[in-house]
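# Per-entry structural report
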Amino acid sequence: MADCRSCGATPLHSVLDLGDQPLANRLRTEEQLAEDEPRFPLHLTLCLACGLAQLTHSVPPQELFTDYPYFSSVIPSLVGHARSIALRLVAERGLGPDSLVMELASNDGYLLQHYRDAGVPVLGVDPAANIAAAAEARGIPTRCAFFGRDVARELVAEGHRPDVLHANNVLAHVPDLNGFVAGIATLIGEHGRLVAESPYVKDLLDQVEFDTIYHEHLCYFSLTALDRLMERHGLVIEDVERLAIHGGSVRLFVAAASVAERGPRVLELLEEERGWGARDREPYERFAQRVRELGHELVGLLDDLRAGGSTLAAYGAAAKGSTLLNTFGIGRERLSYIADASPHKQGRYAPGTGLPIVPPERLLEDRPGYVLLLAWNFADEIVAQQRAYREAGGRFILPVPAPRVV
Ligand code: ZN
């Protein structure tokens, strides 16, 4: 088995093997349905040395990110979340026309636009050509590149020294984790601050969010694992906040170790993780058992509803939906289609299952009895948007932490 992506230790402890699965964001066209779909191992492991939960297998990034169908700006709650952190940092750090804010994996500029609107110069970095182009079209300067040591040196050589460097939901995605963090250390120097958000492994374990495990998501961070990773590159986590977004995340404030130290909230959360065992097998093995139970319950519920004469659909052609459906073998024999609000996804077909992706209006036209809510991290938003469907008698099924009808 592979070495730890962070500390290099071996062997990794097997936690949950989800088998060979298709790429969760590789939506197919009608013509592609007939073609063979590439599948790759999806196997969650734990490094007992540094506490990093991780996949064993890296899909080449060129396979994943060249035409990425995920545009952050179509999700209102993400834009609101981005706006509030931007306004807060502009105030707290006194950012203005002479400052620079950068973001790694800047997507379509959903975050940087708020700094630009506040008069702060911005620069995005994103590897997906179609998304970088979309950001440029919206007036957000964007470097199309895979960030790492070399790109960081180039940016510094060109005079880009960010006061604030954002990295939201990207640390978990990079195959060369140490190269990426080394690049961050180079870019922020002693002056800048990294503000990074990442899904938090404790929430994944507690809420049985196993469907957030997919090929692009290589690492599942505890603060323990992040602390060691940063330390290795001369960085220190000054502060940490827990956030509800994406099923539970942490937001880190990181600086050069020469100018900062671990703050009280960091020390407290590290202590809490020692308590539940962030580097121990047991909490991960309990999680794997709960995943197996969830599968039996969910498939049983869907089959009972169908046996009672109900038609079923799903909502949210998100990556996590792909893992859930492919892990439990839920496909066209149980569901009619997946409704999704993103025009980029409509008309395509979901990975593995081949379920067609349709506009949400179809729910009101067809009135399936139950809709499996795959994008449960946006449950409140989606249920509110689909009020008319619910008022007409439709119901949603939330799959995690245990299936329930709402
Ligand atoms: Zn490790």
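Residues numbered from 1 in each chain as written. Predicted model: local features only at pLDDT ≥ 70, side-chain atom pairs only at ≥ 80, totals over all residues. Heavy atoms only, no water.

### Digging into the packing of aromatic side chains
Note the following rule: To pair, rings of Phe, Tyr and Trp, with the six-membered ring standing in for Trp, must have centres within 6.5 Å; the planes then decide the type, stacked if under 30 degrees apart, edge-to-face if over 60, and tilted in the middle. Strands here mean DSSP runs of E at least two residues long; helices mean DSSP runs of H or I at least four residues long; both are numbered from the N terminus. Accessibility here uses a 1.4 Å probe with only protein chains present; expressed as a share of the type maximum, an area under 20% marks a residue as buried, one over 50% as exposed, and anything in between as partly exposed.
One pass over the structure, following the stated rule, counts 3 aromatic pairs. When the ring of Phe-147 is compared with that of Phe-180, the centres are 5.2 Å apart and the planes differ by 80°; the resulting orientation is edge-to-face. A residue pair is termed long-range when its members are at least 10 positions apart, and Phe-147 in the loop between strand E6 (142-144) and helix H5 (149-157) and Phe-180 in helix H6 (residues 177-188) qualify at 33 residues. Residue Phe-147 is classed as buried on the basis of its relative accessible area of 11%.

### Remarks on the nonpolar core
Which entries qualify depends on this criterion: Here the nonpolar core consists of buried residues drawn from Ala, Val, Leu, Ile, Met, Phe, Trp, Tyr and Cys, with membership extended through side-chain atoms lying within 4.5 Å. Note that the domain bounds reflect an automated or database-derived domain assignment. Contacts: residue pairs with any heavy atoms within 4.5 Å of one another.
If you look at the biggest cluster of nonpolar residues, it comprises 111 residues, and the most contacted ones within it are Leu-16, Phe-147, Phe-210, Ile-213 and Phe-287. With 9 residues, helix H10 (residues 282-307) is the single largest residue contributor to this core. Counting the residues that make up this core, at least three belong to each of domain 1 (64-280) and domain 2 (283-405). Sequence-distant contacts of Phe-287, that is, excluding residues within four places in its chain, are made with Val-15, Leu-16, Leu-44, Leu-204, Leu-205, Val-208, Glu-209, Phe-210 and Ile-213. Ala-82, Ile-85, Ala-86 and Val-90 belong to the second largest nonpolar core, which has 18 residues in total.

### Details of the coordination of the zinc ion
Coordination angles at a metal have ideal targets, namely 109.5 degrees for four tetrahedral donors and 90 or 180 degrees for six octahedral donors. Rule in force here: Each metal's donors are the N, O and S atoms found within 2.8 Å of it, except that Na, K and Ca use a 3.2 Å limit; water is left out, so coordination can look incomplete. In short, tetrahedral needs four donors with all angles between 85 and 135 degrees, square planar needs four and octahedral six donors with opposite donors over 155 degrees apart and all other angles between 65 and 115, and whatever is left is irregular.
Bound to the zinc ion on the protein side are Cys-4 (SG), Cys-7 (SG), Cys-47 (SG) and Cys-50 (SG), at distances that span 2.3 Å. One can describe the donor arrangement at the zinc ion as tetrahedral, given that its 4 donor atoms subtend angles of 103 to 114° at the metal.

### Quick notes on the side chain of Asp-227
Following the sequence through the fold, Asp-227 ends up in helix H8 (residues 223-232). Judged by its relative accessible area of 10%, Asp-227 falls in the buried class. Look past the residues within four positions of Asp-227 in its chain and what remains in contact with it is Ile-237, Arg-262 and Leu-270.

### What to know about H6
Definition in use: Working rule for helices: expected span equals 1.5 Å times residues minus one.
The terminal C-alpha atoms of H6 lie 17 Å apart, and with 12 residues this matches the ideal 16 Å at 1.5 Å per residue to within 8%. Counted residue by residue, H6 has 10 buried out of 12 residues, so it is predominantly covered. Taken from the residues just after H6, Gly-189 is the one with a positive phi, measuring 55°.

### A short note on the sheet that holds strand E13 (residues 338-339)
Note the following rule: Two strands qualify as a pair provided DSSP detects at least 2 bridges between them. For every element, the axis is a line fit to its C-alpha atoms; helices are fit only across the contacting stretch, and the angle between N-to-C directions ranges from 0 to 180 degrees.
Spatially, the 6 strands line up as an open sheet ordered E14-E13-E12-E15-E16-E17, and their pairing is mixed. Lying at the two open borders of the sheet, with one neighbouring strand each, are strand E14 (357-358) and strand E17 (404-405). Relative to E13, strand E12 (residues 312-315) runs parallel, the two sharing 2 bridges. Looking at E13, one finds that Ala-314 is bridged to Ile-338. H10 rests against E12, strand E15 (370-373), strand E16 (395-398) and E17 of the sheet, and its axis sits at about 160° to E16.

### Looking at the pattern of salt bridges
To keep things clear, this is the line we draw: Within this document, salt bridges are pairs made up of a side-chain nitrogen of Lys or Arg and a carboxyl oxygen of Asp or Glu, the two lying within 4 Å of each other.
A full pass over the atoms with the stated rule returns 22 salt bridges. Through salt bridges with shared partners, one network takes in Arg-88, Glu-92, Glu-197, Asp-239, Glu-241, Arg-251 and Arg-265.

### Remarks on the domain arrangement of the protein
Stated formally: Buried area is calculated as the accessible area (1.4 Å probe) missing from two parts once they are joined, with the contributions of both summed. Polar contacts, as used here, are pairs of N or O atoms within 3.5 Å; protein pairs need one atom able to donate a hydrogen and one able to accept it. Residues neighboring in sequence count only if both atoms are side-chain atoms.
One can read the domain layout of the protein as domain 1 (64-280) and domain 2 (283-405). Just the C-alpha atoms count here: the centres of domain 1 and domain 2 sit 30 Å apart. On the domain 2 side, the residues contacting the 24 residues of domain 1 number 21 residues. Buried surface at the junction of domain 1 and domain 2, summed over both partners, amounts to about 2,100 Å²; 69% is from carbon and sulfur atoms. Area buried by domain 1 at its contact with domain 2 is led by Val-208, Phe-210 and Asp-211, which between them contribute 32% of it. The interface formed by domain 1 and domain 2 contains 0 salt bridges. Applying the counting rule to domain 1 against domain 2 returns 3 residue pairs in polar contact (both at pLDDT 80 or more).

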